[in-house]
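# A look at the structure
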Amino acid sequence: MPSSSENRYLKLEVINGKNLRVPSDSIPAGIYVSIYIGWRRTWQSAIKVLSSDRSVVWGDSVTLSSYASPAYVVLPTLSVEIRASYEADRMLGGGEVIGKLQMSWDGLLDHGDELYSLSFPPVQGVRPSLTLKATVVHTCDDQNGTLSDYLVDSKITQDTDAGHAELAKYVTRKRVSHLNCAIQHFKSVLDQCPVSHPDRATALTNLAWAHLKGCSRNDLQDIDATTSLFRDALALRPQRHPDRLLSLYKLTQALTWRYGEKGTAADIREAAQLYHELLLLCLEGTYLHNIVIDECNELPTDASDEGIHLRRVVLELCPPGHQLRPRALDELAQAVEARFEQHGSIDDLDTSIQLCREAVSLCPEGHSDRDSSLNNLALLLVSRFDHQNKPNDINEAISLHEEALRMCPLGHKIRDSLLDNLGSALISRFKKCGDIDDITRAVGLHREALTLCLPGHPSRDTMLNNLAVALMARYYKMDIIEDLNEAIDRYHESLQLKRLDHGHANLFNLSSALLSRFKQTQKNEDVEEAMIICREALASLSSLHPSRYFSYLWLQEAYLSRYRILHDPADLSLAIENFRLASGHPTQGFPERIEEAIDWARQAEVYQHESALEAYQMCFELFDSHVMTRSSIVSRREAATAFRGARSLPVDAASYAIRSGNPRQAVELMEQGLEDLESANPTLAHNYLELSKLVSNAAQSSATITDRAAADQAATDYRRLTRQWEVAIAEIRNIRAFSRFLLPPSYEDLQAAARHGPVIILIASQYSCSAIIVPTSGDPHHIPLPSVSLVHLINLKDRFARAIRQASRMNPKESRSDLIVLSRIIWDEIMLPIVNVLEHVLKLKRRSRIWLCPTAAFTSIPLHAANPFQTKADRSKEPCLEDLYICSYTPTLSALVRSRQMMKKRVPPSFVAIGQGQPGTGKGKALLTVDSELELVHKLVPATANRTAISGDAATRANALDALQQNTWVHLACHGKQDHAQPYNSHFVMRDEHLTLLDIMERDIPHAEFAFLSACHTAVGDEETPDEVIHLAAGLQFSGFKSVIGTLWEVDDAVAKHVVEAFYRYMFRDLEDGGVMDCTKAAWALNCATHSVKTKVPLEQRMVFIHIGV
């Protein structure tokens, strides 16, 4: 160096660094720069956090003197070093070297005052660089940066630095000797850091990280001890400790790696919780922030509420424009879809599809992830098609699969899976639509996918299995035995490539194919092999393994298949036992178990097995548990109606109980359903729901456990949670109102519905149709209806619908001959046998009250209109049902009991009339007599009832709801519409928005007593719900109205006002004598009214009105 520079100082500014990769691939707490003069470290920058693009901004400076030491004859060398620090707070050692470079003093000045880049040797194939600026100054200014405590030359720092250096060599050179040396150094450090030492957490972390690196390469096997070391370190770094962030992160790495090895669900759940804490601590834009988001996206799909919440947090941290947002959307979609698979809420599947649509929109043509995003969306659409059978879904799915396939030409790494998925989508469409071209093409696609997976390919077993699935689908449709034989061969070949503990799905597919061949050829070796396959699978599976369910499922199918041919009772018994085990296996979601229990009940009925009642009870138990996981009325109905054959279960169960000679039990089974625990005791309801989820999660998480010790622990945990769940149920049953929680109500409790008159339950089952009379006291009476069948009732319902339509076009004076014929049929075949028992057995006096409780197909038939239409010898008319008794309806006995109990809480009456005759464009025709009807009602209602009215522009949804809530009596004159697809959307038409059944049911209406619904379709039942009739009138009763008048079909408003006028005259006739408004008189008043208007109102407009409730 020339002598002219000897009296100068050099100011060196470290601006930033780029491409900063750590040789050991570890995540650093920060990056810093050191300056060496000779062998001595002279200066160190601040430790700065690595940004997401692997850059760091410092802006630190140091003033260097060329006279570093008087002893120097020759100027010492100048070195710059980039290092990774693994501590944000107190450093132990110097961390890990990223790059080191020597340079001359003059070289620093060659760039003048300009910024320049200093490039270092490559790390992982990329050159780190620093941006510097060097300036000559003549005074030694203050400088940024520090010299850390770790510079003290001690055994601890030497061992720590040596450990980091050896670990970096192990990672890059893959020699176990370097790992052993690193561990030896880190152990030495830990030995020098006793429990109270300030660097003990760091020493624990370094040793644990070296062990984890060894475990991840299978050079070490002590993952449990490694995890414990990380836990000990985290315990020493409490909340707000600057190094807690990295301790959390490194513990997640150990837990996720152990989960991958042992499959213990507790590990991945704990890791997810830690990731959640990490996401809240990580600064946005840092390298660790992106890494944590990326690793959250790599977590196994978790359908629990906690797992989905974590996915939502990740998505919130990836706003529009963030590069990881498409992946976050896809992962959240998969988690929500997994919850759909467990619990069956179609809302979850819809949400998943919406999320995937956004992901696709963020991956335009040319985007590297577009093919996978298209594929994910297509798979979800196929799933929705399988559940809802909407052609648009499957057609769109196939188009998306085709687009993804076009993006992946021959040689592309995922072409085989895209071919496979497209083939599977075509199979789904074929199964529903039956187009032979679809299945032919699907088989061809699966064959092509198989050709891309040659022997040794990791997916070959899957492709063999899926080709066999396609062949089986074609066999079932076309009965080509060659397809069946090839499918069995392919399944066998697939299984040869699978370990037994990983190939259960393939095993069960083979079992199914063998059973198909047995049914066709009746060769016993096929059914025997199918049974052996399932038994061997069971022997290899832990008690809580989910695949046990499928073993039971196919064993019952095998035994049942053989029973159908050989008729050995032992086979039927074994089939039933496996039905029992499958429907009771806790690792499957409720939907699958419900389907199996329904099938059990059906088969027990077909073969007249004594377990039928047990099967029905299992169905109800599973239904109730399934529905209890839903928080809203609508989602509970969806859960109850999502199963094929579910709607007939209560009537079929009751029919079986009757056929078994137990009508009391039949009454109880008809009333199986959930009490509203949430409203009565939210704390107990929440506790029960959370425990139910924990039990379900504990059972289902065992799917991934491969370690035997972990499986045993999982079984222990499951038993513990089950005991807690049983204790929670016992606590709920200690409450008097919930003593039958998750059980059918007792006959004694239900008989309270008949306190003021018998209740007649009409049961329409595919197995038998009959009636049960529940008297005021004593045992129920069963009345067979031998001339009535389910088909007959459906036909009768259709004939009534046609007759009503025809009558609406007739002159009021014309005879309603069709309706008269149908009313006679109701009398002769249904009501006359019941009336005979009421008169001659129960000795019920005429004009007494009775309640009709129709089920299934009976709900669409006007039972109260039963009439013989015959004349006696003395030319007097034979009495009809409404001449004999005052008829009311109730959707269930429980509903009537509830209404009676609520009658004790009465308040002074208030009456509101709500009318909307001008609903607006597209909402129905104008009702011209609404205003006059409201005026009429106003005149007839006593002034003491605090009368008000709402009509015209004031009759809005909000005003109507307020009026319902504030009054005890209400009269509604407007259009009423029944929504058969979603009964809770059935509504009254207001001026602005519809007033839906759900709106009313969600309102608290504590003192409501009576409602007159002068609107059409207010009492037409929901055909899908298995336990209760849902319609507008019953909905009002459920909401708190004790007594309701509703209509079965469209009302002629010009004629209906005659019924309205007569009804209110009878209803309030006694008030002049000091009587009080009494809603229990409504049934009597309606009966009198319809009798009094016979000359003014045609038959169909008299029978349209019915009374529901007390």
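Conventions adopted
Residues numbered from 1 in each chain as written. Predicted model: local features only at pLDDT ≥ 70, side-chain atom pairs only at ≥ 80, totals over all residues. Heavy atoms only, no water. Helix = DSSP H or I, 4+ residues; strand = E, 2+ residues; numbered from the N terminus. Buried < 20%, exposed > 50% of the residue type's maximum accessible area, 1.4 Å probe, protein only. Contact = heavy atoms within 4.5 Å. Areas by Shrake-Rupley, 256 points an atom, 1.4 Å probe, with all protein chains shown as cover. Pairing = 2+ DSSP bridges. Axes fitted to C-alpha atoms, helices over the stretch in contact; angles between N-to-C directions. Expected span 1.5 Å × (residues − 1). Arc of directions from axis to C-beta. Polar contact = N/O pair within 3.5 Å; in protein donor to acceptor, adjacent residues only side chain to side chain. Phe/Tyr/Trp six-rings, centres within 6.5 Å; stacked < 30°, edge-to-face > 60°. Parallel < 35°, antiparallel > 145°, perpendicular 65-115°, else oblique. Left-handed = near helix turned anticlockwise from the far one by under 90°. Nonpolar A, V, L, I, M, F, W, Y, C, P; charged D, E, K, R; others polar. Core = buried A, V, L, I, M, F, W, Y, C linked by side-chain atoms within 4.5 Å. Patch = residues over 30% accessible without salt bridge, like charges linked within 9 Å, V, L, I, M, F, W, Y side chains within 5 Å. Salt bridge = Lys/Arg side-chain N within 4 Å of Asp/Glu carboxyl O. Lys, Arg positive; Asp, Glu negative; His and termini not counted. Charge placed at Lys NZ, Arg CZ, Asp CG, Glu CD.

### A closer look at the overall build of the chain
- Helix and strand counts for the chain stand at 41 helices and 22 strands.
- Evaluated residue by residue, the chain yields a buried proportion of 57% over its 1110 residues.
- Counting only contacts in the chain whose residues sit at least 6 apart along the sequence, the fraction spanning at least 24 positions is 69%.
- Approximately 47,300 Å² of the chain is accessible, and the part contributed by carbon and sulfur atoms is 50%.

### Comments concerning the pairing of strand 12 (residues 848-854)
- Of all seven residues in strand 12, seven are buried; the element is thus mostly enclosed.
- Residue alternation in strand 12 divides its side chains into two sets, Ser 848, Ile 850, Leu 852 and Pro 854 and Arg 849, Trp 851 and Cys 853, and both sets are buried.
- Strand direction decides the pairing type here: strand 9 (residues 759-764) and strand 12, joined by four bridges, are parallel. Residue Leu 762 lies in a different strand from strand 12, and its bridge partner there is Pro 854.
- Note: strand 12 against strand 13 (residues 885-889), five bridges, orientation parallel. Looking at strand 13, one finds that Trp 851 is bridged to Ser 888.

### Brief notes about the sheet that holds strand 5 (residues 78-85)
- Spatial ordering of the open sheet is given by 3-2-5-6, a layout of four strands whose pairing is antiparallel. Of all the strands in the sheet, just strand 3 (40-44) and strand 6 (96-103) have a single pairing partner and so form its edges. Across the sheet, the mean angle from the axis of one strand to that of its neighbour is 25°, orientation sign disregarded.
- In this structure, strand 5 lies alongside strand 6, joined through seven bridges in antiparallel fashion. What sits directly across from Ala 84, in strand 6, is Glu 96.

### Description of helix 15 (residues 436-451)
- With 16 residues, helix 15 ought to run about 22 Å at 1.5 Å a step, and its terminal C-alpha atoms sit 23 Å apart, in line with that.
- Every buried residue belonging to helix 15 is among Asp 438, Ile 439, Ala 442, Val 443, Leu 445, His 446, Ala 449 and Leu 450, and all of these are buried. Buried residues of helix 15, seen end-on, are gathered within an arc of 165° and therefore sit on one face of the element. Exposed and facing more than 90 degrees away from the buried side of helix 15 are Asp 437 and Thr 451.
- Summarising the contacts, the buried residues of helix 15 are in contact with helix 14 (415-433), helix 16 (460-478) and helix 17 (481-496).
- For helix 15, the N-terminal capping position is held by Asp 435, with its side-chain oxygen 2.9 Å away from the main-chain nitrogen of Asp 437.

### Here we look at the packing of aromatic side chains
- Inspection of every chain in the model, using the stated rule, returns 15 aromatic pairs.
- Relative to Phe 1010, the ring of Trp 969 lies with its centre 5.0 Å away and its plane at 50°, an arrangement referred to as tilted. With Trp 969 in strand 16 (residues 969-973) and Phe 1010 in strand 20 (residues 1010-1014), the pair connects residues that are 41 residues apart, well separated along the chain.
- Looking at Trp 969, the relative accessible area reads 0%, which means it is buried.
- You can call Phe 1010 buried: its relative accessible area is 0%.

### Digging into unusual backbone geometry
- One non-glycine residue, Arg 240, adopts positive backbone phi at about 75°.
- Structurally, the position occupied by Arg 240 is in the loop between helix 5 (223-235) and helix 6 (244-262).
- Arg 240 sits in the exposed class, given a relative accessible area of 83%.

### Overview of the packing of helix 39 (residues 1053-1067) against helix 40 (residues 1082-1092)
- Viewed as axis vectors pointing N to C, helix 39 and helix 40 meet at an angle of 130°, and their least axial separation amounts to 8 Å. Here helix 39 lies oblique to helix 40, going by the angle between them. As helix 39 packs across helix 40, the resulting crossing turns out to be right-handed. Facing helix 39, whose interface residues are Val 1059, Ala 1062, Phe 1063, Tyr 1066 and Met 1067, helix 40 presents Ala 1082, Trp 1084, Ala 1085, Leu 1086, Cys 1088, Ala 1089 and Ser 1092.
- Here the contact of helix 39 with helix 40 is composed, by residue class, of 11 nonpolar, one polar and no charged.

### A few points about the nonpolar core
- If you look at the biggest cluster of nonpolar residues, it comprises 327 residues, and the most contacted ones within it are Ile 830, Met 831, Leu 863, Phe 1063 and Tyr 1064.
- Looking at this core, the element that brings in the most residues is helix 32 (residues 817-840), giving 12 residues.
- Residues within four places of Ile 830 in sequence aside, it is in contact with Leu 762, Leu 785, Val 788, Leu 793, Leu 796, Ile 825, Phe 858 and Leu 863.

### Here's the deal with the sheet that holds strand 19 (residues 994-996)
- In spatial order, the strands read 17-18-19; together these three strands make up an open sheet with antiparallel pairing. The outermost strands of the open sheet, each flanked by one partner alone, are strand 17 (976-977) and strand 19.
- Where strand 18 (residues 987-989) lies against strand 19, three bridges are found, and the strand directions are antiparallel. Across the sheet, the residue bridging to His 987 is Thr 996, located in strand 19.

### Describing the pairing of strand 3
- Bridge count for strand 2 (residues 30-37) against strand 3 is four bridges, and the pairing is antiparallel. For Tyr 36, the partnering residue across the bridge sits in strand 3 and is Arg 41.
- In this antiparallel pair of consecutive strands, strand 2 and strand 3, the connection spans two residues, and Gly 38 shows a positive phi of 70°.

### Re a positive patch on the surface
- A contiguous patch of positive charge, built from Arg 799, Arg 802, Arg 805 and Arg 809, is present on the exposed surface.
- Assignment of secondary structure puts Arg 805 in helix 31 (residues 790-808).
- Assessed through its relative accessible area of 47%, Arg 805 is described here as partly exposed.

### Things to note about the environment of Asn 19
- Position of Asn 19 relative to the elements: it lies in the loop between strand 1 (9-18) and strand 2.
- In this structure, the C-alpha to C-alpha distance between Asn 19 and Val 56, residues 37 residues apart in sequence, is 9.1 Å.
- Not counting the four nearest positions on each side in its chain, Asn 19 is found in contact with Arg 54, Val 126, Arg 127 and Pro 128.

### Quick notes on the pattern of salt bridges
- For the coordinates displayed, the defined rule picks out 43 salt bridges.
- Between Asp 348 and Arg 339 there is a salt bridge whose closest N-O contact spans 3.0 Å. Pair check on accessibility: Asp 348 and Arg 339 agree, each one buried.
- Among the charged side chains, a salt-bridge network with shared partners connects Arg 447, Arg 460, Glu 486, Arg 490 and Glu 493.

### Considering helix 17
- Between its first and last C-alpha, helix 17 extends 23 Å over 16 residues, near the 22 Å set by a 1.5 Å rise per residue.
- Within the span of helix 17, buried status applies to Asp 483, Leu 484, Ala 487, Ile 488, Arg 490, Tyr 491, Ser 494 and Leu 495. For helix 17, the buried positions fall inside an angular range of 165° around the axis, keeping them on one side. Across from the buried face of helix 17, at angles greater than 90 degrees, the exposed residues are Glu 482, Asp 489 and Gln 496.

### Structural notes on the packing of helix 20 (residues 547-566) against helix 21 (residues 569-584)
- Close contact between helix 20 and helix 21 brings their axes to 8 Å; oriented N to C, the two are set at 160°. Of the possible angle classes, the one that applies to helix 20 and helix 21 is roughly antiparallel. As for how helix 20 packs across helix 21, the hand of that crossing is left-handed. Where helix 20 abuts helix 21, its residues Tyr 549, Tyr 552, Leu 553, Leu 555, Gln 556, Tyr 559, Leu 560, Arg 562 and Tyr 563 lie against Pro 569, Asp 571, Leu 572, Leu 574, Ala 575, Asn 578, Phe 579, Leu 581 and Ala 582.
- Considered class by class, the residues forming the contact of helix 20 with helix 21 number 14 nonpolar, two polar and two charged.

### Observations regarding the side chain of Arg 474
- Topologically, Arg 474 is positioned in helix 16.
- With residues up to four places along the chain from it excluded, the contact list for Arg 474 reads Ile 439, Thr 440, Val 443, Asp 479 and Asp 483.

### Some thoughts on the side chain of Gln 751
- Within the secondary structure, Gln 751 is located in the loop between helix 30 (747-750) and strand 9.
- Overall, Gln 751 belongs to the buried group, its relative accessible area being 12%.
- If near-sequence neighbours (up to four positions away) are discounted, Gln 751 is found in contact with Val 774, Pro 775, Thr 776, Ser 777 and Gly 778.

### Things to note about the environment of Glu 529
- Residue placement: Glu 529 occurs in helix 19 (residues 524-540).
- On the basis of relative accessible area, Glu 529 is assigned to the partly exposed category, the value being 27%.
- Residues contacting Glu 529, with those up to four places away along its chain left out, are His 492, Leu 510 and Leu 514.

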